[in-house]
Amino acid sequence: MRIPSFLAAAIVVALSAGGAAAADYPLRLDNCGFEIVLDKPPERVVAIKSTATELLLSLGLSERIAGIAFQDGPLPPDLAAAGAGLAVLSDRLPSQEVVLEVEPDFVYGGWESNFSGEGAGERPTLAALGVASYVAPAACRSVKPPELTFERLFAEMAEMGAIFDVEAAAAALIENQRRLLAGVAPDERGLTALWYSSGTRTPYVGAGSNAPAMILEALGLANIFGAVDEGWISASWEAVVDADPDVIVLVDAAWNSAEQKKTLLAKNPITSQLEAVIEQRYLVIPFPASEAGVRNVPAVVDMARQLAGLDFPE
Amino acid sequence: MAGAQVRRSGSSAAAALRHFSLPALVVLLLVSATLAITFGPAEISPGEAWGVILHHLGLRPESPVSRLRDAIVWELRLPRAVAAMGVGAGLALAGTVMQALTRNPLADPYLLGLSSGAALGAVGFLLAGAALLMPLGAFLGSLAALALALLVAQLLGGATPSRAILTGICIAALASAATSFLIFWTATGDSYREILSWLMGSLGGAVWSDAGLVAASLVLCAPVILAAGRALDAFAFGDAAAASLGVEVTRLRWTLLTATALLTGVMVAVGGAIGFVGLVVPHAVRLAVGTRHRRLLPHAMLVGAIFMLWTDTAARSLFDPRELPVGIITALIGAPVFLFILLRYRRIT
């Protein structure tokens, strides 16, 4: 007989009523359509992608990180010290063997595609080896995640706090993020924006359901591709020019920097005619902050400052 | 008397068709171009589109639409339409010539690995920092793939159609793997999308310089190929027969193969490895106008242009505001046609 998970959780809660703040183990979670069971807080974690590493560091878990891989860029200044000594397993997607070599009990992937045969390993394979795996909920593809909101982002932070039995740290982190976010007043000039992520001939842009949409909304900007129910899409320059955005968000990645994008926009015979390009109305966001994670809120604060500095006639 | 009359009027109808099929295709191409540039995420009517073109040709003082909409027509849609037509014409010509020279109904720059070789050359030059020389890289790549294909054919003691295809599969696999490898290891992040546009073929982002490059390669190669129509007919009977008909077999073969490699290289440099156009178009045109190359070549060129224009228009407007690599559409059409040709020529393959 299989005990329903909520019932099991209720029993555990009843049994461990003594430790009020402590998480209840075994902890059962549904993560991206995959059930995870944890008997105790993970002790050796592999973090894949910057968003995963940064959340763990923000919760003060650097001691438990056995290795990091596929980092999208440098850590932000406030986390740099905590993350300085971490073992880098691979600059790109690590192979399963590289991951297993450090004997992790938990692999935290920023993208669901990190868990593939060519990558860190299929999730059932890892589970059979006693290694739990966790996909950042906003990056789930097996089950379409609901539209990303800051509340859902905070829920991931809280869940990570429960997994590692550091609820107090998670609560403090969420509290701090809420406070920062509350300090941002959405722009009220009724401006539209393009979220330009990458691509040259075919621009890859932020659409209506993931971090770009969430950040633009917090800034008070209307996303020109906001009607498309996807995180990001391959759009066309024509659709961009047709919408004629007031500001352009440039994602600053090591492989495709904001400066490269500015040059491209200024040289391209069509985008060079956009008012936003002529007037250089750009907002820049570092790539690791452009995916769902702890850097979204600070990015909103920073971009709101950039946006306030832009002048619009009339 | 009456019978003779009927026969004459019947043959004059056929003659009219023969004489007017090319001008009819030219008209169809122009009409297609006019219509195609009215498709897209932005709503622009045919009248406005033509107004913009006339304005830029200096025949109209004011553009009928706003500055940005004017740019959508003149800087985006028109160069892309011109590039699409040129790429279609070039690939169709290349396919027709290869089918004749190799006496292989399945020959096509994509199936024989030339397109993949060209993509490898283009990406290699691009990543080496020689973006301006990229078309040269594509030409060298397609030439190398062609040379490799011919060498393997020699080693096999003469290429049957199926041997040629197997060789092509091998070359294409090798070149595609090398292209993917180059992109994976020199670039980072989400560059797989760039790989897709090279391997699947896409005309997204084509600008006037691309259209100009395509046009220049056609101006250079098309007359050479069109003038060789009669000689290509002779090739159908074998090299010895062609030589006895006064064709300088070796020289002509190399001239035409070089032209084919050049066309393929330029088309790939602009649009990536767009498949099956060089296969589908010549076969479809043969059904309508027969196998004589003096008629087949110009018809294939025009039909190729029209075909590519419409498939690219579909690629950029079917999933508005998203874009699809056009090679997906040409493959969806081309692969079944490839099967059909396999069945039709089953005795010789």
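In what follows, the structure referred to is the one given above.
Let me begin by describing the structure that accompanies this report. (Residues numbered from 1 in each chain as written. Chains lettered and ligands numbered in written order. Predicted model: local features only at pLDDT ≥ 70, side-chain atom pairs only at ≥ 80, totals over all residues. Heavy atoms only, no water.)

Some words on the overall build of chain B
Here comes step 1: Helices and strands together make up the secondary structure of chain B, namely 14 helices and 0 strands.
Here comes step 2: Secondary structure elements in chain B, listed N-terminal to C-terminal, are α-α-α-α-α-α-α-α-α-α-α-α-α-α.
Here comes step 3: The C-alpha radius of gyration of chain B comes to 21 Å, within 12% of the 20 Å expected for a compact globule of 349 residues.
Here comes step 4: If one aligns the C-alpha atoms of chain B with their principal axes, the spans along those axes are about 65 × 60 × 35 Å.
Here comes step 5: For chain B, the proportion of its 349 residues judged to be buried stands at 52%.
Here comes step 6: Accessible surface, chain B: about 15700 Å² in total, of which carbon and sulfur atoms supply 71%.
Here comes step 7: Between the averaged position of the 23 positive side-chain charges in chain B and that of its 15 negative side-chain charges there is a distance of 17 Å. (Helix = DSSP H or I, 4+ residues; strand = E, 2+ residues; numbered from the N terminus. Rg over C-alpha atoms; globule rule 2.2 N^0.38 Å. Buried < 20%, exposed > 50% of the residue type's maximum accessible area, 1.4 Å probe, protein only. Areas by Shrake-Rupley, 256 points an atom, 1.4 Å probe, with all protein chains shown as cover. Lys, Arg positive; Asp, Glu negative; His and termini not counted. Charge placed at Lys NZ, Arg CZ, Asp CG, Glu CD.)

Considering the interface of chain A and chain B
Here comes step 1: Each partner contributes residues to the interface: chain A has 27 residues there, and chain B has 31 residues.
Here comes step 2: Summed over both sides, the interface between chain A and chain B buries roughly 2600 Å², with carbon and sulfur atoms accounting for 54% of that surface.
Here comes step 3: The largest per-residue losses of area from chain A upon contact with chain B belong to Arg92(A), Arg201(A) and Glu238(A), which jointly make up 28% of the total buried on that side.
Here comes step 4: Here chain A is connected to chain B by 4 salt bridges.
Here comes step 5: Counting every contact that joins chain A to chain B gives 7 residue pairs in polar contact (both at pLDDT 80 or more).
Here comes step 6: Contributions of two or more residues to the side of chain A that touches chain B are made by β11 (232-234), α9 (237-243) and α11 (275-278) of chain A.
Here comes step 7: A per-element tally of the side of chain A that touches chain B places α9(A) first, with 5 residues.
Here comes step 8: Tallied by class, the residues present in the side of chain A that touches chain B amount to 13 nonpolar, 7 polar and 7 charged. (Contact = heavy atoms within 4.5 Å. Buried area = accessible area lost by both parts, 1.4 Å probe. Salt bridge = Lys/Arg side-chain N within 4 Å of Asp/Glu carboxyl O. Polar contact = N/O pair within 3.5 Å; in protein donor to acceptor, adjacent residues only side chain to side chain. Nonpolar A, V, L, I, M, F, W, Y, C, P; charged D, E, K, R; others polar.)

Topic: the nonpolar core
Here comes step 1: Ile248(A) and Ile225(B) are the most contacted members of the largest nonpolar core, which has 109 residues in total.
Here comes step 2: Looking at this core, the element that brings in the most residues is helix α3 (residues 67-101) of chain B, giving 20 residues.
Here comes step 3: For Ile225(B), the contacting residues outside a window of four places in its chain are Leu93(B), Val97(B), Leu256(B), Ala259(B), Leu263(B) and Leu297(B).
Here comes step 4: In terms of nonpolar packing, the next biggest core, distinct from the first, is built from 66 residues, Met160(A), Ala170(A), Leu181(A) and Ile285(A) among them. (Core = buried A, V, L, I, M, F, W, Y, C linked by side-chain atoms within 4.5 Å.)

Quick word on helix α2 (residues 46-56) of chain B
Here comes step 1: Ala49(B), Gly51(B), Val52(B) and Ile53(B) are the residues of α2(B) that are buried.
Here comes step 2: Close packing links the buried residues of α2(B) with α3 of chain B.

Some remarks on the side chain of Thr51(A)
Here comes step 1: With respect to the helices and strands, the residue Thr51(A) is situated in helix α2 (residues 50-58).
Here comes step 2: The class of Thr51(A) is buried, set by a relative accessible area of 5%.

Some thoughts on empty space enclosed by the protein
One water molecule sets the probe size; rolling that probe over the atoms shows where empty space is left.
Here comes step 1: The tally for this structure, following the rule as stated, stands at 3 cavities of 30 Å³ or more.
Here comes step 2: Along the wall of the largest cavity there are 13 residues; nearest its centre are Glu238(A), Leu76(B), Arg80(B), Arg316(B) and Glu323(B).
Here comes step 3: For the lining of the largest cavity, the secondary structure elements donating two or more residues are α9 of chain A together with α3 of chain B.
Here comes step 4: It is α3(B) that provides the largest number of residues to the lining of the largest cavity, a total of 3 residues.
Here comes step 5: Residues of the lining of the largest cavity, tallied by class, amount to 4 nonpolar, 3 polar and 6 charged. (1 Å grid on protein atoms, 1.4 Å probe; cavity = no way out; pocket = protein on both sides within 12 Å on 5 of 7 lines; lining within 4 Å. Points joined across faces, edges and corners; volume = space filled by probe spheres on them.)

A short note on the pattern of salt bridges
Two side chains bearing opposite charge may form a pair once their charged atoms approach each other closely.
Here comes step 1: Tallied over the entire structure, the rule returns 18 salt bridges over all chains.
Here comes step 2: Asp239(B) serves as the salt-bridge partner of Arg103(B), at 3.4 Å between the closest nitrogen and oxygen. In this pair, Arg103(B) sits in the loop between α3 and α4 (114-127) while Asp239(B) sits in helix α10 (residues 239-244), placing the two residues 136 residues apart along the sequence.
Here comes step 3: Since its relative accessible area comes to 27%, Asp239(B) is described here as partly exposed.
Here comes step 4: Here the salt bridges do not stand alone but share partners, grouping Lys49(A), Asp72(A) and Glu291(A) into one network.

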